[in-house]
Amino acid sequence: MTHAMDRRRLMTGTAAVLGLGWLSLPALAQEKRLRMFWWGSKERADRTFKGNKLYSAKNPGVKIDGETIGWSDYWPRMATQAAGRNLADVIQMDYRYIFEYARRGALLDLNPYVGKALDLSGFDKNSIDCGKVDGKLYGINLGNNSTAMLANISAFEGAGLKVPTGDLTWDEYGKLCAELTKAAKKDGFYGSMDSGGLEPSFEVFVRQRGKNLYSEDGKAGFSAEDASDWFAYWDGLRQSKACVPADVQALDKQNIETNPLTLGKAAVAFAHSNQLVGYQAVNPNKLSIGMYPSGGAGAKPGQYLKPSMFFSVAGTSKNPEDAVKVINFVINDPEGVKAYGVERGVPPSSKSRDLIAADLDALGKAQVDYIASVTSKVGPLPPPPPKGAGEIAFLLRRTNEEVGFGRIKPAEAGKKFLTEASSILSRG
Amino acid sequence: MASIAQPSSGLGQTVRKSLPAYGFLSPWLIGLFCLTAGPVLASLYLSFTNFDLIQTPRWVGTANYERIFTNDPKFIAAMKVTFTYVLLSVPFKLAFALMLAMALNRGIQGLSIYRAIFYLPSLLGASVAIAVLWRQVFAGDGLLNAVLKWAFGYQGPSWISNPDYALYTLVSLSIWQFGSPMIIFLAGLRQIPQDMYEAASLDGAGPMRQMFKITLPLLTPVIFFNGVIQTIEAFKAFTPAFIVSEGTGGPVDSTMFYTLYLYLEGFAYLRMGYASALAWVLVVIIAFFTAFSFLSAKYWVHYDD
Amino acid sequence: MTTEISVAAPAAAPPSVFAGPPKGIKAILLHAILFVASLAMLYPLIWMFVSSLRPEEEIFSNPSIIPNHIDFSSYWRGWTGLRFSFGTFFWNSLVISVLSVIGNMMSCSLAAYAFTRLKFAGRDFWFALMLGTLMMPQHVVLIPQYVLFLNLGWVDTIAPLVVPKFLAVDAFFIFLMVQFFRGIPKELDEAAAMDGCGPWRIYWRIMLPLSMPVLATTAIFTFIWTWDEFFAPLVYLNDMGSYTVQLGLRAFVDSTGKSDWGALFAMSVVTLVPVLVLFVLFQRLLIEGIATTGMKR
């Protein structure tokens, strides 16, 4: 009967599919297998796989399966795996998300391992504390990082102007950029990007006023006036053509490849120090790295040292001890430290920094020097961001766009931003 | 089956008559019950919880739905964006696809090359390159403005990053990727028997008359299919906004499509319970439109049976 | 074998609907329009190709479409740059796509046949349900689905990507086939039934041969959509050795750090080649389908 035959064919087809599926499962072996998951592209993958290989060579019987994908695809996969209780043992974590995942119980408290499998003796207090959430240690800092202003050197020098640094106040910075726009005489080329919608920039601004973006109890730490002043500042820069107009800034999706600096529309980008390498790779002109403008006389330091990323261990890990050992290997063991270099940021441990100093290229050295130079000028860690902080970062961007496109006045925008942010925070 | 003792009741009769059909349907039924039904019902359940992906979901009753309808301005904004997109992209895309399918159905030289070229944009799918490309075309210094300036001396705005126009650039992206309905129309045109045209020709009917009397009526099942599918797809549109605005929905939320909003709620803000409720509201809206299309089909779709 | 119904009827009718191909000025006009439209369609491919030849630092800041250097190194870099060569990703994508094509053609045509030609209790109900599955946004069923496949032990295998195709989960194709099957004259299967053909034989001997255009369409779409898909592979394939081409492409780019854009564009071009070739080959099937359906009525 053909009917039956078809069914049989269908079944063998399905079985074949299943069989193929099983084939691609890792072969069963006696060795311990750990999974490690990180975002990043090729260079990071090369370095990480190398580190894992070195670890396995030193610890026979432990094999690490690396899983990697770019930043934007990382989080949906991570969320799905978390929902399935199938997270990798060692997870690369971001400063924003670590609070979200730790508070929901997806990560392992690493405090019990400190001083045993995990040696943090080379870390200063700040570098350890930034991985703590509600007193427990959920992430090991892989590299120090701070906000940084990247500037196109030849644009400023060609116009006979000084390359901007952190010595300038915000107002001086605005004037300098307006002069650059005028002097450059290039259609559609401006001094600065519009950083009014970038949460790290706003945070620096608020901290310079002695406040924080979020208070210890998870409320908004800034006032409507602070926000209004911020929006008004950037509106002023737009008016004076010191920064790009709103419809150019809106092309920026807050990543390297769409930043106005990269697109050749502005001479300055507001970014993070570990992104210097990425920006330089897609920019034909040499870039300088410097601190954000200052709050002027009597202002508090706005910037702080933050972790570029962490390694965390999944709460569901079956081999937590081994996972911790892997992390320890890359922050302390000379082989591991050298394999990673400064690709994930400047190592927090001074011993490790000395280890890699000799192998650094020019960009790596610029990064290390920058962190060394800002260390004495930064403020303390802010309180941890509450739930909803991610949504507020989006809100800031949108509100700045509304001002930019003339849909709302800066004064109102500040009030509206605070109201909406508070309502997001109360929802959690 | 013949060996089964004949059931006497009417019900048995129906069951017996239905058996072959269920045999044919069995792969689909297995898929429905084993793969589709569970996750769909789970999402319905989750829409009544505060599921955050990691912790065990807690029942919150109809709170999510209440919030959607009484206290969520973003829901209304996303609805507006999505409806505008559906109303503009679907008719234009279908008209384009139908026109080109008809043009390409004629025996001209280089036919297969044209067909492949016109399908090319649809091949790009969700390619990362689309985002960069669309910016090259629709930015202030983009290709479109260069053409406008050259032809009319008009300096256009930055279409893609202006909240007044950004959505329309996504509509045009959708229209540009008209390849799939075009192929389906082509396949439909191929099914129209040649002899009908020959007969009509003999009766002295011109090309226009043939189109309205033969081509379009016989194509209605395919037009209907494309209409329903494209409407559903447009309501669910996610990729264009996600790729072009890189998940921000900007500028000023002007491209915050419904599913993008839902995705951000679920995966970025970890409110999967709320996202599930949003999804079910969307399902109801789509179902309403689809049911309406099926009701109307009685009056304009010609089936052979 | 008594009911051998001849379906390979009138050989090669001219592939045109109207009275032959347009001639003279009309043809030139048509070509001109199609040519201009083609440029708009080809622009992305040209642009992608040019970008792949550009030095990295110029890709974003130089909007021109004319390259000033020509450098093919990004192709080699892209092909070998990741831990596995791009050949591995091609093979993975090919296996998944081919299996999906087979699965969809079999399972969806079976279901569509039942919906169009067989009478059974609950037909309208099941049909509505089938359409309903089209309406669900994939992002909210993703999590429960993942948990389901995880419990089945299918995560990290290609099973979650392929098995559903054998179980007709792509309702789009069922609906598509239903619309086309309804256009095939009923007299044919009624005649066959008179000759004692069972439903299976009618399906296999009459419906399928008469449905070449829609089967070809299904094959093309399934292949291309599976090839382009990235969300499901992203979630279900963890190990880089099992990545598809789309995941491979995404592994070049990290928007927060240093990316290899040249390699991305180079491999984007390469990735288009197989689907384009397949399309050109399969569309012939779609066209030749007419020879068999031209006999209608």
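Asks: Is there a simple way to think about the overall build of chain A in this case?
Replies: Of the regular secondary structure elements, chain A holds 17 helices and 13 strands. In terms of C-alpha radius of gyration, chain A reaches 24 Å, essentially the compact-globule figure of 22 Å for 428 residues. With respect to the principal axes defined by its C-alpha atoms, chain A has extents near 80 × 65 × 45 Å. Considering only residue pairs separated by 6 or more positions, chain A has 74% of its internal contacts joining residues 24 or more positions apart. Carbon and sulfur atoms provide 54% of the accessible area of chain A, an area that totals close to 16600 Å². Positive and negative side-chain charges in chain A, numbering 54 and 47 respectively, have mean positions lying 3 Å apart.

Asks: Help me out: how do you make sense of the packing of helix H1 (residues 10–46) of chain B against helix H5 (residues 138–151) of chain C in this one?
Replies: Two packed helices can be described by the angle between their axes and the distance between those axes. Where H1 of chain B meets H5 of chain C, the axes come as close as 8 Å, and the angle between the chain directions of the two elements is 125°. Classified by the angle between their axes, H1 of chain B and H5 of chain C sit oblique to one another. You can see that H1 of chain B and H5 of chain C cross each other, and the crossing is right-handed. Across the interface between the two elements, Cys34, Leu35, Pro39, Val40, Ala42, Ser43 and Leu46 of chain B from H1 of chain B touch Val140, Val141, Pro144, Gln145, Leu148 and Phe149 of chain C from H5 of chain C. Among the residues forming the contact of H1 of chain B with H5 of chain C, the class breakdown is eleven nonpolar, two polar and no charged.

Asks: I keep staring at the pattern of salt bridges and nothing clicks. Help me out?
Replies: Under the defined criterion, the tally for this structure stands at 35 salt bridges over all chains. Asp333 of chain A is the salt-bridge partner of Lys58 of chain A, the closest N and O atoms lying 2.8 Å from each other. Residue Lys58 of chain A is found in helix H2 (residues 42–58), and its partner Asp333 of chain A is found in the loop between helix H12 (320–332) and helix H13 (334–340); the two are separated by 275 residues along the sequence. Its salt-bridge partner being Lys63 of chain A, residue Asp65 of chain A comes within 3.6 Å of it at the nearest N-O pair. Note on Asp65 of chain A: relative accessible area 18%, which makes it buried. When salt bridges that share partners are traced, they join Arg398, Glu402, Lys416 and Glu420 of chain A together with Asp253 of chain B into one network.

Asks: Can you help me understand the interface of chain A and chain B in this one?
Replies: The interface of chain A with chain B comprises 33 residues on the first partner and 33 residues on the second. Taken together, the two surfaces of chain A and chain B that pack against each other cover about 3100 Å², and 57% of this comes from carbon and sulfur. Counting the contacts that link chain A with chain B gives six salt bridges. Taken together, chain A and chain B are joined by ten residue pairs in polar contact (both at pLDDT 80 or more). Elements represented by at least two residues in the side of chain A that touches chain B include exactly helix H3 (71–83), helix H4 (95–103), helix H10 (246–249) and helix H16 (389–404) of chain A. Sort the elements by how many residues they give to the side of chain A that touches chain B and H16 of chain A lands first, with seven residues.

Asks: Before we go on, may I ask you to explain the environment of Leu276 of chain C in this structure?
Replies: Position of Leu276 of chain C among the secondary structure elements: in helix H13 (residues 261–293). Sequence separation of Leu276 of chain C and Ile224 of chain C is 52 residues, and the distance between their C-alpha atoms is 9.1 Å. When near neighbours in sequence (up to four residues on either side) are disregarded, Leu276 of chain C contacts Ala116, Leu120 and Leu123 of chain B.

Asks: Please explain the confidence of the model for chain C as it appears in this structure.
Replies: In regions of low pLDDT, the predicted coordinates are not meant to be interpreted in detail. Residues and elements named next belong to chain C. Residues with a pLDDT of 70 or more make up 88% of chain C, whose mean pLDDT is 83. Of all secondary-structure elements in chain C, the lowest mean pLDDT belongs to H13, at 77, while helix H6 (residues 159–166) reaches the highest, 96. The low-confidence segment residues 1–19, where pLDDT is below 50, has 36 contacts with residues more than four positions distant or belonging to other chains. Between residues 289–297, whose pLDDT stays under 50, and residues either more than four places distant or in other chains, the model counts 26 contacts.

Asks: Looking at this structure, I do not really get the environment of Ser376 of chain A. What am I missing?
Replies: Mapped onto the elements of the fold, Ser376 of chain A is located in the loop between helix H15 (362–374) and H16. Residue classification places Ser376 of chain A among the exposed positions, given a relative accessible area of 65%.

Asks: For this particular structure, what's the right way to read unusual backbone geometry?
Replies: Only a minority of non-glycine residues have a phi that is not negative, and only a minority of peptide bonds are not trans. One non-glycine residue, Gln254 of chain A, adopts positive backbone phi at about 55°. Locating Gln254 of chain A in the fold gives a position in the loop between H10 and strand E10 (266–272). Among the residues examined, Gln254 of chain A registers a relative accessible area of 43% and is labelled partly exposed. Even without a glycine there, the phi angle at Glu246 of chain B is positive, about 45°. Relative to the assigned elements, Glu246 of chain B resides in the loop between helix H11 (239–244) and helix H12 (258–268).

How each quantity is defined
Residues numbered from 1 in each chain as written. Chains lettered and ligands numbered in written order. Predicted model: local features only at pLDDT ≥ 70, side-chain atom pairs only at ≥ 80, totals over all residues. Heavy atoms only, no water. Helix = DSSP H or I, 4+ residues; strand = E, 2+ residues; numbered from the N terminus. Rg over C-alpha atoms; globule rule 2.2 N^0.38 Å. Contact = heavy atoms within 4.5 Å. Areas by Shrake-Rupley, 256 points an atom, 1.4 Å probe, with all protein chains shown as cover. Lys, Arg positive; Asp, Glu negative; His and termini not counted. Charge placed at Lys NZ, Arg CZ, Asp CG, Glu CD. Axes fitted to C-alpha atoms, helices over the stretch in contact; angles between N-to-C directions. Parallel < 35°, antiparallel > 145°, perpendicular 65-115°, else oblique. Left-handed = near helix turned anticlockwise from the far one by under 90°. Nonpolar A, V, L, I, M, F, W, Y, C, P; charged D, E, K, R; others polar. Salt bridge = Lys/Arg side-chain N within 4 Å of Asp/Glu carboxyl O. Buried < 20%, exposed > 50% of the residue type's maximum accessible area, 1.4 Å probe, protein only. Buried area = accessible area lost by both parts, 1.4 Å probe. Polar contact = N/O pair within 3.5 Å; in protein donor to acceptor, adjacent residues only side chain to side chain. pLDDT = per-residue confidence, 0-100.

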